[in-house]
Structures are given as structure tokens and as C-alpha cells.
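For reference, the chains in residue letters:
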Amino acid sequence: METATKDTKSKDTQQAKKGHPSGDKRFKQLDMTMKRNQYRQDSLIEVLHKAQETFGYLEADVLTYVARGLKLPLSRVYGVATFYHLFSLKPSGAHTCVVCMGTACYVKGGGEVVKAVEKQLEIKVGETTPDNQISLMAARCIGACGIAPAVVFDGRVAGKQTPETVMEKIKGWQDK
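We now turn to the structure provided with this report. (Residues numbered from 1 in each chain as written. Predicted model: local features only at pLDDT ≥ 70, side-chain atom pairs only at ≥ 80, totals over all residues. Heavy atoms only, no water.)

Concerning the state of the cysteines
Turning to step 1, where the next piece is worked out: Scanning the entire structure with this criterion turns up 0 disulfides.
Turning to step 2, where the next piece is worked out: Its sulfur unpaired, Cys141 is 4.4 Å from the next cysteine sulfur, which belongs to Cys145. (Disulfide = S-S within 2.5 Å.)

Regarding the layout of surface pockets
Turning to step 1, where the next piece is worked out: Each pocket or cavity is described by its volume, and for the largest pocket that value is around 640 Å³.
Turning to step 2, where the next piece is worked out: Together, 28 residues line the largest pocket, and His85, Phe87, Ser88, Gly126 and Met137 are the ones closest to its centre.
Turning to step 3, where the next piece is worked out: Counting only elements with at least two residues in the lining of the largest pocket, the list comes to helix 5 (74–83), strand 1 (95–100) and strand 2 (134–139).
Turning to step 4, where the next piece is worked out: With 5 residues, strand 2 is the single largest residue contributor to the lining of the largest pocket.
Turning to step 5, where the next piece is worked out: Its residues assigned to classes, the lining of the largest pocket comprises 14 nonpolar, 11 polar and 3 charged. (1 Å grid on protein atoms, 1.4 Å probe; cavity = no way out; pocket = protein on both sides within 12 Å on 5 of 7 lines; lining within 4 Å. Points joined across faces, edges and corners; volume = space filled by probe spheres on them. Helix = DSSP H or I, 4+ residues; strand = E, 2+ residues; numbered from the N terminus. Nonpolar A, V, L, I, M, F, W, Y, C, P; charged D, E, K, R; others polar.)

Comments concerning the pattern of salt bridges
Oppositely charged side chains may form a pair once their charged atoms are brought near each other.
Turning to step 1, where the next piece is worked out: In the structure shown here, the tally under the stated rule is 4 salt bridges.
Turning to step 2, where the next piece is worked out: Asp42 is paired through a salt bridge with Arg40; the nearest N and O atoms lie 2.9 Å apart.
Turning to step 3, where the next piece is worked out: Take Arg40: its relative accessible area is 36%, and that puts it in the partly exposed class.
Turning to step 4, where the next piece is worked out: Between Glu53 and Lys50 there is a salt bridge whose closest N-O contact spans 3.3 Å. A residue pair is termed a helical-turn pair when its members lie 3 or 4 positions apart in one helix, as Glu53 and Lys50 do in helix 3 (residues 44–55) at 3 residues. (Salt bridge = Lys/Arg side-chain N within 4 Å of Asp/Glu carboxyl O. Buried < 20%, exposed > 50% of the residue type's maximum accessible area, 1.4 Å probe, protein only.)

Remarks on the packing of helix 2 (residues 26–36) against helix 4 (residues 60–69)
Turning to step 1, where the next piece is worked out: For the pair helix 2 and helix 4, the least separation of the axes is 11 Å and the interaxial angle reads 30°. With respect to their mutual orientation, helix 2 and helix 4 come out roughly parallel. You can see that helix 2 and helix 4 cross each other, and the crossing is right-handed. Of the residues in helix 4, those touching helix 2 at Phe27, Leu30, Asp31 and Met34 are Asp61, Val62, Tyr65, Val66 and Gly69.
Turning to step 2, where the next piece is worked out: Here the residues of the contact of helix 2 with helix 4 are counted per class, giving 6 nonpolar, 1 polar and 2 charged. (Axes fitted to C-alpha atoms, helices over the stretch in contact; angles between N-to-C directions. Parallel < 35°, antiparallel > 145°, perpendicular 65-115°, else oblique. Left-handed = near helix turned anticlockwise from the far one by under 90°. Contact = heavy atoms within 4.5 Å.)

As C-alpha cells, this is what we get:
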């Protein structure tokens, strides 16, 4: 029984070094990142960053591939991927709206911004519109307390936002 386990582990390691059975070239980029880090388990976050950068999000197949390559339990890889908000397990829309929900932003109206966007787009935080155009997310804090409430539109921070100014920006995305 123990021999079978060792054979499976060595096959998994060999497979991780050869690339993905699908032939998807993006897995080679993950291989290079894991190799550069000498397949160290403590490089998990760096490897997940590369995976998300390469694939756009962390799909189940990618998480399994990383787990095998770094010889980590899938539960640990999944746990890290779901713990950090910068990782996404679902593809995001063409546009992203991230509302800061830190204390300063929330007190100054961040909650109202989220409610307005959810109502207008008919989605909840963490979801994407059915047409895959807009993803709504919330952040615990983006470090822009002086311009609260802050919203990040496609990576650009905008301060002193109101439900109206945010909806105006989103409407511009929808009109294109």
C-alpha cells in the first residue's frame, strides 16, 4: 500500500514538472514559478499570484495543479486562496468596482454605495453581472481613509464617492 502511495506522489511530481495533460501552455508559467522557488511549500502565495495573473482567476484545476506541484494538501491551497481577498475563484467581469468597507469608508457612506450598486445591477458583492461586464467587490480597507468613501474602478482609486457618482461611472461602462 505504501509503495502505491509513493508511486502516485512521484507521478504527480513528474506530471507537475512536465506540464499539464491538457497541453495548456499557461501551466508552463506556473511550472517556471514553482521551479524558481525550488518547489518550496512556503512559496504558495507567490505561485497563486502567478496563477491568477496567468489565468485571470484560480479555477479548481489550477489549484489542484499547484497543490500537486508544491506537494501540499489541496485543502491548504484552497484555504489560502479563499482567505486572501486578492485571490478570486471566479472569473471577473470586463470591469471591476471595488467598494472599500473599512471603518472610515463605511461610516462615510460605503455601505450605501454597495446597496445602490447591488440594487442597480441586481447582483451581490462578489458576483458578476450575467453579461460578464461588471464585477462588484468589497475590500476591508484600501488605505485611502482620507478620501473616504473610496471606490476602485478598474484599478483606479476614486475618493469621496456617493451612490450617485458610482452609478454614473457604472452607467458609462454599460453604455459602451
